[in-house]
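# Commentary on secondary and tertiary structure
Below, each chain spelled out in residue letters.
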2 protein chains.
Amino acid sequence: MQTEDSSSIDGRKPPRVVALSGGVGGAKLALGLDTVIRADDGRLTVAVNTGDDFEHLGLHISPDLDSVVYALAGISDPLRGWGRANESWNFMRALEGLGGEGWFSLGDRDLALHVERSLRLRQGNSLSHVTAHIAARFNVDATIMPVTDDPVRTMVHTDTGILPFQRYFVGEQCKPAVQGISFAGADQARANPALLSALADPALDAVVLCPSNPYLSIDPILAIPGVRDALRRTTAPVIAVSPIVHGESLKGPTAKIMRELGIEVSPAAIVSHYGDLIDAIVVDSQDAAEAFEIDLPVLATNITMHCMADKEALAREVLHFARTFGASHRSTLQECLP
Amino acid sequence: MQTEDSSSIDGRKPPRVVALSGGVGGAKLALGLDTVIRADDGRLTVAVNTGDDFEHLGLHISPDLDSVVYALAGISDPLRGWGRANESWNFMRALEGLGGEGWFSLGDRDLALHVERSLRLRQGNSLSHVTAHIAARFNVDATIMPVTDDPVRTMVHTDTGILPFQRYFVGEQCKPAVQGISFAGADQARANPALLSALADPALDAVVLCPSNPYLSIDPILAIPGVRDALRRTTAPVIAVSPIVHGESLKGPTAKIMRELGIEVSPAAIVSHYGDLIDAIVVDSQDAAEAFEIDLPVLATNITMHCMADKEALAREVLHFARTFGASHRSTLQECLP
């Protein structure tokens, strides 16, 4: 499918879009969506995974929220993929000199965010409130929110034991074989009311599941009571962007985990994983031949985002694809719901 | 009085010395003492004021302890007078960008100490324990300890209200006129048992009151129950080094505060302030003519410490001066005690 060069999605009204995102991979598409939607005076809500959050050095760290905030603020590090650009590491070196924990790197500038957030949380503010404050300080237009203000902690069950997410991801560099994943606290967590409200908006144009790790980054979002139902009930088309390209991950350990869990590493398996939550999927052109296996509308295009132009182009394609569904399709779906 | 060039104090046994110190001014002499005493395989205990400690950005900051630790670790900034040498300030700039509190500067390297200390305190360790750990990581030989593990907070009563110490000292840059000073929590605080034990050691050779601000830095130490008595009972001579030279402070607002409190700015007034706690005073050569007003043994020498050689020379002079007292003098004093 070819997109128009126009920055407008439908030429009629400013688009309203909700994106569900994990960290670095999701943040790339969120940045593309933000750029495209801002150009149309639209409204983007990015609901972000908090299963990776953890307490470290007495600070509350929210890696995925930060990746999205830094990306949309235009200050994320383009090479490292996480943290801030032009970062310095004097704090870390001094901390290691004191015998402190050095396994999780915190840049000097990045640290300010963790200190300020931790302070504001301790003062009784919600994570949503603090995130909104930080995003505003960075002049981010989009609404970036944690999917919940309650603690959810992704636990990775591996052949070397159950590891908190960051111990698995950073400490062990994803080396242990994954046998299962659980989300401590998810069943007690209250979905962010602002997310539920955005999904219930009858004027919503699209819900985008960013190409984040479905098992580690999107599942903790879906594990929160009410989120799956809200996705099923929204009148907007729900479109997943495949995190798998030609049998490998766009980024991170997605493919490795799928293999360890005995799942075929393909966009079809992603569709099967999301099940009735999604209405369509965007896959890479390299996987176009597989589209016939997928019993949903498929858009095949370049989904690897190397540069800003790639991010914007993919965002435009996804939004344009969403428009092809129209309200009628969702109305039909709605009728099937109890 | 002339000192010998020898690094030994009495040529017989390794010296044991206790120093009471505030921040930067005291840390200079503490460094001189440490160098001289280490050369003689002696034992230096530095008991440090904690009245300047405060919670900031969710971190426990102990400015005076840090000044002494950094000085003895050989990494204090020689120009700024506080914090670490070769410091960077990227955290502060980023924090200010986030709307965080920027009035109290924390360098990127310095911050590691505050984060690590705060974490260890939250884990249930005492400030003494954490301070010993930090000093050991910096290969400091001397025993550096807070004068108490309990919270003591210096409150400065000024013409603009009662200010916590750091608000007065850093926030207001000592501008408000001081009407009085109090030490919240001091009457409930338990003196560090290791300090009381060091002062009770019959082999102790000297107790040195460093040229710190008597009102802001030494008084909070003396306000802790048991410290005054321990100073009166120690068999070692207690020697104060004047923080006043020729009617002005060696450093900081000492002279300004004395004027505001209606106290003559002179070494004699310092002697009068310390009263029966001290056995002798070291004043600057410029104040030698005043010595006749002082009813205690006086050593007049250069007490302004510009460089390392100054610090070591003053330390040697103070320790040599202490030796001239011998045990007999203190025995007499002891007999007068109830």
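Residues numbered from 1 in each chain as written. Chains lettered and ligands numbered in written order. Predicted model: local features only at pLDDT ≥ 70, side-chain atom pairs only at ≥ 80, totals over all residues. Heavy atoms only, no water.

### Description of helix α12 (residues 308–323) of chain B
For α12 of chain B, spanning 16 residues, the distance from its first C-alpha to its last is 23 Å, which sits close to the expected 22 Å at 1.5 Å a residue. Here α12 of chain B has its buried residues at D310, K311, E312, L314, A315, E317, V318, L319, H320, F321 and A322 of chain B. (Helix = DSSP H or I, 4+ residues; strand = E, 2+ residues; numbered from the N terminus. Expected span 1.5 Å × (residues − 1). Buried < 20%, exposed > 50% of the residue type's maximum accessible area, 1.4 Å probe, protein only.)

### With respect to the packing of helix α1 (residues 24–39) of chain B against α12 of chain B
Residues and elements named next belong to chain B. Where α1 meets α12, the closest approach of the two axes is 8 Å, and the angle between their N-to-C directions is 70°. Our classification of the angle between α1 and α12 gives roughly perpendicular. Contacts between α1 and α12 pair K28, L29, L31, G32, L33, T35, V36 and I37 from the former with M308, K311, E312, L314, A315, R316 and L319 from the latter. Along the lines of polarity and charge, the residues of the contact of α1 with α12 split into nine nonpolar, two polar and four charged. (Axes fitted to C-alpha atoms, helices over the stretch in contact; angles between N-to-C directions. Parallel < 35°, antiparallel > 145°, perpendicular 65-115°, else oblique. Contact = heavy atoms within 4.5 Å. Nonpolar A, V, L, I, M, F, W, Y, C, P; charged D, E, K, R; others polar.)

### Considering the sheet that holds strand β6 (residues 153–158) of chain A
Residues and elements named next belong to chain A. Here three strands make up an open sheet; going across it, the order is β7-β6-β8 and the pairing antiparallel. At either end of the open sheet lies a strand with only one pairing partner, and these are β7 (161–164) and β8 (178–184). Here the average twist between neighbouring strands, direction ignored, is 25°. Judged from the six bridges that link them, β6 and β8 form a sheet pairing that is antiparallel. Bridged to H157 within β8 is G180. (Pairing = 2+ DSSP bridges.)

### Remarks on unusual backbone geometry
All names here are of chain B. Despite not being glycine, C174 shows a phi value in the positive range, around 60°. Since its relative accessible area comes to 10%, C174 is described here as buried. Even without being a glycine, H246 presents a positive backbone phi close to 50°. The residue H246 is located in the loop between β11 (244–245) and β12 (248–249) in this model. Overall, H246 belongs to the exposed group, its relative accessible area being 54%.

### Focus: the side chain of D34 of chain B
All names here are of chain B. Within the element layout of this structure, D34 appears in helix α1. Residue class for D34 comes out buried when judged on its relative accessible area of 3%. When neighbours within four sequence positions are excluded, D34 is seen to be in contact with L44, L72 and A142.

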